[in-house]
Amino acid sequence: MSRSYILSFTALCGLMAIQAHGEILRADARQQPAAPIAGRLHMGTKDGPDGPITVNNHYLMKNGAPWLPVMGELHFARLPAEEWDAELQKMKAAGVDIVSTYVMWNYHEEKPGQYNFSGDRDIRRFLDLARKNGLYVVLRLGPWAHAEVRYGGIPDWVVAQVPTRCNDPQYLAYVRDYWSHLAQQTRGEMYKDGGPVIGVQLENEYNLTGPGRGAEHIAALKQMAQDLGFDVPLYTVTGWDGTVYPKGEILPVQGGYPDEPWAASAKMMPPNEVYSFRFDGRVKGNAGAQTPAKARGTATEDMDATPFLGAEFAGGLPIMYRRRPLVQPQDIAAMLPVELGSGVNLYGYYMFHGGRNPQGDTQLEESDLNGGYNGLPIINYDFQAPYGQYGQPNPALNLIRPWHDFLNAFGDRLAPMTVHRPQVEPKGRDDLTTPRWSVRSLGDSGFVFLSNHVRQYPMAEQKGVQFRVDLPSGPLTFPSQPVSIADGAAFAWPFNLDMDEVKLLWASAQPLTRIQNGKTILYVFEAQDGIAPEFAFDRDVAALSGRKSRTGGHVVVRDVAPGRSVAIRAGKVAILVLSSKDAQGLSVLDYQGQKRLILSDALVYSDGEHLRLRSENPQFSLGVWPPIDVPKASLPLALVKTTGLFQTLRAQAAPVSPQVRIEKIRDAGSVPPLMIGGKAKAALQPYPEIYGQAAAWKINIDSNALSGVADMTLDIAYKGDVARLFDGPDMVDDQFWYGPDWRVGLKRLGVGPFTLSVLPLRADAPVYIDDAYRPKPTDGAQVADVASVKLVPTYALDLN
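A brief report on the enclosed structure follows. Predicted, not measured: the structure shown is a model, and the values here were computed from it.

1. Brief notes about the overall build of the protein chain
Line of reasoning, step 1. A count of helices and strands for the protein chain gives 13 helices and 50 strands.
Line of reasoning, step 2. Since a compact globule built from 800 residues should have a radius of gyration of about 28 Å, the 27 Å found for the protein chain is in line with a globular shape.
Line of reasoning, step 3. Across its three principal axes, the protein chain shows a C-alpha extent of roughly 80 × 65 × 50 Å.
Line of reasoning, step 4. A total of 800 residues make up the protein chain; the buried ones form 61% of that total.
Line of reasoning, step 5. In the protein chain, of all internal contacts separated by at least 6 residues, the share reaching a separation of at least 24 is 73%.
Line of reasoning, step 6. Element-wise, carbon and sulfur atoms account for 49% of the exposed surface of the protein chain, whose accessible area totals about 28400 Å².
Line of reasoning, step 7. Across the protein chain, the centroid of the 78 positively charged side chains sits 4 Å from that of the 86 negatively charged ones.

The structure is reproduced here in structure tokens:
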């Protein structure tokens, strides 16, 4: 361990050349948090295979250490069971620790007493695979779930018979019978039994009050769950939109989305509050609850007694009929420093993996045509998530994975840290010029969190910035030279970070991970675009990149060049500074018995024994550290001369180019103006009879299109209102048009032939589509057009 040292203000002033014209952003971090209080929250059995999982009023703990995990939502019944294993491995490779999943009642008991826990609904198989892949699970039991499912997941036969979401005796009897069968399916899967289930969520967005409702109902559900065997370390409820629950019995979890697809407005939304730090509360505004909040809710009153945990921070956005917001990758990534810098100690995504709605005796999606608040596609639940409906990686994945690496490596240090607000804060969420930042610290160590991004609104460039943080030992100002922070930037910078043999006084680069190989302890950082990384230490170091200077016994290394070689050494400690592009291609995985860094443009995941790469480029290249014994592989594998730190391996798949042909078979008819109504009093999706006016095309694909590839994507560039894909008479996918090409995975669906229908979109349709994609006057009164279809192969490289 390094010797204890805190930089004095006098030495600091001598060390730094602070420019008078620079903007110094100030925060007072001298006040320390009160000691955490344990034992006041009544949870279930805490002991399990990885040590006790407990919670105090500040953070989670695992095996006696602070724990700040990443949680990602995947709905097992919305994916084919044969894909679960690979998709869970992808989740793990993305840095996810916990998989949360709704268990939709109407998926399992569509008709009274007829239970289905087979095939894609086989929850035991899913839980076994989660355990096999080293993932914990939070079961979101409902019984009302929402999840954009018909009647929130409550079966039609229950909705038609009894009052729901309350302590009505008959309703609770039906819930008990369902949960009893679910308990039988999950017996042995609780954490105390060696299983992966560490938590249970009860109900969802529950803000109902009155006799038999409110906290009384949540208490009844918790007692029922425990009686039936759902004995877990953590019990949660969603905490937004005025949620009510019994204090001391339940943990509220929070969320936030960068747009409001459930809103009635057909206009662009104002700047969203998810990009504003939460200094005075944890609950954001409208998060889409189906019932209006009547009061502030229990979570607002319960902040001192519970930690700030998240379950539904956006991994993407759903496309609903009346609002179809296209999410950009940075819209998702820029939320992380805001929420973490606001004190979040569990970062949970909804959704992390898209899916599709299973088909039953009824359509199981939420629909505004049968009383739902929102209109959803019948099948498609892609959600623009980091992993889409077909398991395809979406661009946000590469931007958020570095944050997960950071939390996995440094979350135990971050979790006990308290939040400090800046001296000057934005005047409101529409203030796009004042810097948005915070400090989390404990003692003299901590992180500065900054986000300079707001969805759809350009932020001012912050010029000549330095941070001054007043610490218990005195003020610290860094970096030594002011920097400019561009629109879209988002980062966490450390100060007084103990790095084994050396103390990092500060860095203007984001720590990503720590990995040890033999006597070498490697710390990996990400350089932010446009900012030259600077590192300051309490002792001499060897600068292999940049300019080193000494002042008062302290060392600053400026202008470190990002690259794949070690930039700084201090004894056993080595520092690697990656460019943002390389950081986005970094995976931290267990392979050949050791944790390793893998650099590749391909999607990389592992089951521990096999390393799997998937790419639309047939040329594979991967950098590995520590080096591996070159294994057998599915393609000829070449070891390229190692440059820098990484061993470089390359392989070449045989390119394929199967053909797809499209023929128009029906012109579109005229569609009537959209109906206005429903619970939202906004545009309703078309009635079934109107789809007869859709234009149609026949799509023929070479029969061998899936040969020699991991998957083949049918890429459809079209304009219209609603597109549907049929294999014979069966609809196999659908989409509300919102701009990008529609990408359909053929490994799951086969090669057809298919029929594509596109319902025309009227120019006067009162639906929200991003301005870049809204129909133009040149499109006429209505548009239903297919510009092109193409096939995009996904190639595979497997290292055995």
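2. Describing helix α2 (residues 84-93)
Line of reasoning, step 1. Counting buried residues along α2, seven of its ten residues qualify, which places the element largely inside the surrounding structure.
Line of reasoning, step 2. Of the positions making up α2, those classed as buried are W84, E87, L88, Q89, K90, M91 and A93.
Line of reasoning, step 3. Where α2 ends, the next residue or the one after it, G95, has phi of about 90 degrees, a positive value.

3. What about the side chain of R140?
Line of reasoning, step 1. Structurally, R140 can be placed in strand β7 (residues 136-142).
Line of reasoning, step 2. With residues near it in sequence (within four places) discarded, R140 still touches E73, S100, T101, Y102, V103, Q201, N204, T238, E312 and Y350.

4. A look at the packing of helix α6 (residues 169-185) against helix α7 (residues 215-227)
Two measures define how a pair of helices packs: the angle their axes make with one another and the distance between the axes.
Line of reasoning, step 1. Across the interface, α6 lies against α7 with an axial gap of 10 Å and an inter-helix angle of 30 degrees. In terms of their interaxial angle, α6 and α7 are classed as roughly parallel. Handedness of the α6/α7 crossing: right-handed. For the pair α6 and α7, contact is made by Y171, L172, V175, R176 and W179 and by H217, L221, M224, A225 and D227, respectively.
Line of reasoning, step 2. For the contact of α6 with α7, the residue count by class is seven nonpolar, one polar and two charged.

5. Regarding the pattern of salt bridges
Line of reasoning, step 1. For the structure shown, the criterion picks out 40 salt bridges.
Line of reasoning, step 2. Linking E189 and R131 is a salt bridge whose minimum nitrogen-to-oxygen distance equals 3.4 Å. Separated by 58 residues along the polypeptide, E189 in the loop between α6 and β8 (197-202) and R131 in helix α4 (residues 123-132) bring together distant segments of the chain.
Line of reasoning, step 3. The exposure class assigned to E189 is buried, which follows from its relative accessible area of 1%.
Line of reasoning, step 4. Overall, R131 belongs to the partly exposed group, its relative accessible area being 36%.
Line of reasoning, step 5. In this structure, D540 engages R550 in a salt bridge whose closest nitrogen and oxygen atoms are separated by 3.2 Å. Of this pair, D540 sits in the loop between β25 (535-537) and β26 (542-543) while R550 sits in strand β27 (residues 547-551), and the two are ten residues apart along the sequence.
Line of reasoning, step 6. Note on D540: relative accessible area 38%, which makes it partly exposed.
Line of reasoning, step 7. Each of R124, D128, R131 and E189 takes part in one network of salt bridges that share partners.

Criteria and cut-off values
- Residues numbered from 1 in each chain as written.
- Predicted model: local features only at pLDDT ≥ 70, side-chain atom pairs only at ≥ 80, totals over all residues.
- Heavy atoms only, no water.
- Helix = DSSP H or I, 4+ residues; strand = E, 2+ residues; numbered from the N terminus.
- Rg over C-alpha atoms; globule rule 2.2 N^0.38 Å.
- Buried < 20%, exposed > 50% of the residue type's maximum accessible area, 1.4 Å probe, protein only.
- Contact = heavy atoms within 4.5 Å.
- Areas by Shrake-Rupley, 256 points an atom, 1.4 Å probe, with all protein chains shown as cover.
- Lys, Arg positive; Asp, Glu negative; His and termini not counted.
- Charge placed at Lys NZ, Arg CZ, Asp CG, Glu CD.
- Axes fitted to C-alpha atoms, helices over the stretch in contact; angles between N-to-C directions.
- Parallel < 35°, antiparallel > 145°, perpendicular 65-115°, else oblique.
- Left-handed = near helix turned anticlockwise from the far one by under 90°.
- Nonpolar A, V, L, I, M, F, W, Y, C, P; charged D, E, K, R; others polar.
- Salt bridge = Lys/Arg side-chain N within 4 Å of Asp/Glu carboxyl O.

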